[in-house]
Amino acid sequence: MIFEICLLVGLNCLVAYFLPDLANLFACYKSRKKGNLIWWRESDDRWKWASVLFTAVVGAAAGYWLPPERRIFVMIVCHTAVFGVCLDALIRIIANEMLWFLLAAGLPARIYFGGASALWSSAGALLLVIAVFGVAALVTYAGKGTTGVGMGDVKLSMVIAIIVGWSGVFYFLMGVAAAIGIYCIIGVKCGMLSRNSTFPMCGQIMAGFLASLFWPFLSIAVL
């Protein structure tokens, strides 16, 4: 088991090292499509090593707590999270291509683990996420005159709701709330955020996604 975990972590860290550069390249492509001339620049090594460290932690946790058949999908999500966070930091978008990739990987996994009937559960989770973000947008608009959440964030959350279904959507939403809370507390303490600050949310949303994939198995291990 230790050998398998080390192999899983090693291979995924190798991929993770190049993900910031891939996101950088994709950011240039998307920007040029919109008429903005952003040229390639090599990614900061801090981004690369942060990507490797994050992937190593998630890979080790997946190898230790998750069944073998779920580990590959979790690492796909982990790599997508790294790519999405880098892209969101560079040009503040969550690309539709990333959403389609997640859906193409997650929908077959949803059917494989839960059967075709699990899609009814996904429909319920999707409606809940739409309602939650709709209410949040209305409240924010009433207070600040803006919706506060971008459509990319909403679409990403909708895709995740379809993948995790009703049983996982509550873990997802709680994970997102916790990630946003921690980010805001640290940001305010460090002077990086104020009350009216906006910030990329791909990282917090993907943290909630990973929480929804891990929590059922973590709770069993704890109990």
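Our subject is the structure that appears above.
Below is a short write-up of the structure. Each chain has its residues counted from 1, following the order in which its sequence is written. pLDDT decides what is reported in this predicted model: residues at 70 or higher carry local features, side-chain atom pairs at 80 or more are listed and counted, and totals for whole chains, interfaces and linings draw on all residues regardless. Hydrogens and water molecules were not included; the side-chain quantities draw on all heavy atoms of the structure.

On to the packing of aromatic side chains, then. Ring pairs are drawn from Phe, Tyr and Trp, using the six-membered ring of Trp, whenever the two centres fall within 6.5 Å, and their geometry is named by plane angle: stacked under 30 degrees, edge-to-face over 60, tilted for the rest. Summed over the entire model, instances satisfying the criterion amount to 9 aromatic pairs. An aromatic cluster is present here, built from Tyr17, Phe18 and Trp49 joined pairwise through their rings. Cation placement over rings: the criterion is NZ of Lys or CZ of Arg within 6 Å of the ring centroid and within 35° of the ring normal. Seen from the ring of phenylalanine 113, arginine 70 lies directly overhead, with NZ or CZ sitting 4.0 Å from the centre.

On to the nonpolar core. Within soluble globular proteins, side chains that are nonpolar generally end up buried alongside one another. Within the largest apolar cluster, 51 residues are counted, with the highest numbers of intra-cluster contacts made by Val74, Leu156, Ile160, Val169, Phe172, Met206 and Phe209. Secondary structure elements follow DSSP: runs of H or I no shorter than four residues count as helices, runs of E no shorter than two count as strands, and numbering proceeds from the N terminus. Broken down by secondary-structure element, the contributors of at least two residues to this core are α1 (2-33), α2 (45-65), α3 (68-91), α4 (96-114), α5 (118-144), α6 (151-189) and α7 (202-222). With 11 residues, α6 is the single largest residue contributor to this core. In what follows, a contact means two residues having at least one pair of non-hydrogen atoms within 4.5 Å. Ignoring any residue separated from it by four or fewer positions in sequence, one finds isoleucine 160 in contact with Phe172, Ile205, Met206 and Phe209. Side-chain atoms within 4.5 Å are what join buried Ala, Val, Leu, Ile, Met, Phe, Trp, Tyr and Cys residues into a set we call a nonpolar core. Only protein chains enter the accessibility calculation, which uses a 1.4 Å probe. A residue is then buried if its area is under 20% of the maximum for its type, exposed if over 50%, and partly exposed in between.

For the rest of this paragraph, the subject is the packing of α4 against α6. The interhelical angle for the contact between α4 and α6, taken along N-to-C directions, is 5°, at an axis separation of 9 Å. Taken together, the axis directions place α4 and α6 in an arrangement best described as roughly parallel. Residue-level contacts link Asn96, Met98, Leu99, Leu102, Leu103, Gly106, Leu107 and Arg110 of α4 to Lys155, Leu156, Val159, Ile162, Ile163, Val164, Gly165 and Trp166 of α6. Each residue receives one of three labels: charged for Asp, Glu, Lys and Arg, nonpolar for Ala, Val, Leu, Ile, Met, Phe, Trp, Tyr, Cys and Pro, and polar for the others, Gly being one of them. Per-class residue counts for the contact of α4 with α6 are 11 nonpolar, 3 polar and 2 charged. The angle between two axes is taken between their N-to-C directions and runs from 0 to 180 degrees, where each axis is a line fitted to C-alpha atoms and a helix contributes only its stretch in contact. Orientation categories follow fixed angle ranges, with anything under 35 degrees roughly parallel, anything over 145 roughly antiparallel, 65 to 115 roughly perpendicular, and all other angles oblique.

This paragraph deals with the pattern of salt bridges. Whenever Lys or Arg places a side-chain nitrogen within 4 Å of a carboxyl oxygen from Asp or Glu, that contact is recorded as a salt bridge. For the structure on display, the rule yields 2 salt bridges. Between lysine 48 and aspartate 21 there is a salt bridge, and its shortest N-O distance comes to 3.1 Å. Of this pair, lysine 48 sits in helix α2 while aspartate 21 sits in helix α1; the two residues are 27 residues apart in sequence, bridging distant segments of the chain. Exposure remark for lysine 48: the relative accessible area of 3% places this residue in the buried category. We note a salt bridge from glutamate 97 to lysine 30, for which the minimum N-O separation is 3.3 Å. Linking glutamate 97 in helix α4 with lysine 30 in helix α1, this pair joins segments that are 67 residues apart in sequence. We classify glutamate 97 as partly exposed; its relative accessible area is 34%. On the basis of relative accessible area, lysine 30 is assigned to the buried category, the value being 14%.

Interhelical geometry of α5 versus α6 gives an angle of 115° and a closest axis separation of 7 Å. Relative to α6, the element α5 is oriented roughly perpendicular. Viewed along their axes, α5 and α6 form a crossing whose handedness is right-handed. Here Ser121, Ser122, Gly124, Ala125, Leu126, Leu128, Val129, Ile130, Val132 and Phe133 of α5 come into contact with α6, specifically with Val154, Ser157, Met158, Ala161, Ile162, Gly165, Trp166, Ser167, Val169, Phe170, Phe172 and Leu173. Residue classes in the contact of α5 with α6 are distributed as 16 nonpolar, 6 polar and no charged. Note: crossing handedness is left-handed where the near helix turns anticlockwise from the far helix by less than a right angle, and right-handed where it turns clockwise.

Turning to unusual backbone geometry, a few remarks are in order. Phi is positive for arginine 92, close to 55°, though the residue is something other than glycine. Along the chain, arginine 92 falls in the loop between α3 and α4.

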